Amino acid sequence: MIKFDELFRIIITMKLDETDINLLELLQADSKKTTKEYALKLGLSTTAIYERIKRLERTGAIRDYVALVDKAIVDRNFTVFCHVKLVQHVKDNIEQFEAQVLRLQEVVECHHLSGDYDYLLKIHVQDMDAYRNFMVNKLTAMNHIGSTQSSFTIKEVKHSTAIPL
């Protein structure tokens, strides 16, 4: 059964017109421009763009505005993808693991998967020593971890925060 908030988002998504999509693409590329700059690019009034942005925020199409920080400058350029398998894939273990992962600042993404492993974590740390410390003192210290498998990024070939529209 679809929850009300999910249904609301589906209805709103279906009502995005071409201008909304173009505006979202502009905002994803650079959300620091003025409303007037977006209006000029889209051929609409500043008020119309302002109202569209507010509607997109209100409906959840725009969740937040953030600054994208350079990992190298803040010394967190060591990226690890870690597969995690729980001892048992049962509701309590899943809920406990997910609650604990949310508190780990090194973990920037966590995906519940199908297949051989239960989760894929994307982790940013300073270096291999920092990752070992994270694994020993935080991740594998958690309850219900059956096994892990880590892969280390050699080079980030593509990275985008933009959702294709």
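- If you look the chain up in an unreviewed UniProt entry, it shows as Transcriptional regulator, AsnC family from Maribacter arcticus.

### Description of the sheet that holds strand 2 (residues 107-112)
- Read from one edge of the open sheet, four strands run 2-3-1-4, paired in antiparallel fashion. Since the sheet does not close on itself, it has two edges, and those belong to strand 2 and strand 4 (145-152), each with one partner. Across the sheet, the mean angle separating the axes of adjacent strands is 20 degrees when strand polarity is ignored.
- Taken together, the seven bridges between strand 1 (residues 78-86) and strand 3 (residues 119-125) define a ladder with antiparallel strand orientation. Residue His 83 lies in a different strand from strand 3, and its bridge partner there is Leu 120.
- Its contacts with the sheet place helix 6 (residues 128-139) against strand 1, strand 2, strand 3 and strand 4, and it is angled at close to 25 degrees to strand 1.

### What to know about the packing of aromatic side chains
- Throughout the structure, instances matching the rule amount to four aromatic pairs.
- Between Tyr 131 and Phe 152, the aromatic rings sit 5.7 Å apart at their centres with planes inclined by 85 degrees, giving edge-to-face as the arrangement. Here Phe 152 lies in strand 4 and Tyr 131 lies in helix 6, a separation of 21 residues in the sequence.
- On the accessibility criterion, Tyr 131 (4% relative accessible area) is buried.
- The exposure class assigned to Phe 152 is partly exposed, which follows from its relative accessible area of 36%.
- Through a chain of ring-to-ring contacts, the aromatic side chains of Phe 78, Tyr 131, Phe 134 and Phe 152 assemble into a single cluster.

### Comments concerning helix 2 (residues 18-29)
- The end-to-end C-alpha separation of helix 2 is 17 Å, in line with the 16 Å expected for 12 residues at 1.5 Å each.
- Tucked into the core, helix 2 has its buried residues touching helix 3 (35-42) and helix 4 (46-58).
- Where helix 2 begins, one side-chain oxygen reaches toward the backbone nitrogen of Thr 19, 3.1 Å away; that side chain belongs to Asp 17.

Definitions and cut-offs
- Residues numbered from 1 in each chain as written.
- Predicted model: local features only at pLDDT ≥ 70, side-chain atom pairs only at ≥ 80, totals over all residues.
- Heavy atoms only, no water.
- Pairing = 2+ DSSP bridges.
- Helix = DSSP H or I, 4+ residues; strand = E, 2+ residues; numbered from the N terminus.
- Axes fitted to C-alpha atoms, helices over the stretch in contact; angles between N-to-C directions.
- Contact = heavy atoms within 4.5 Å.
- Phe/Tyr/Trp six-rings, centres within 6.5 Å; stacked < 30°, edge-to-face > 60°.
- Buried < 20%, exposed > 50% of the residue type's maximum accessible area, 1.4 Å probe, protein only.
- Expected span 1.5 Å × (residues − 1).
- Polar contact = N/O pair within 3.5 Å; in protein donor to acceptor, adjacent residues only side chain to side chain.

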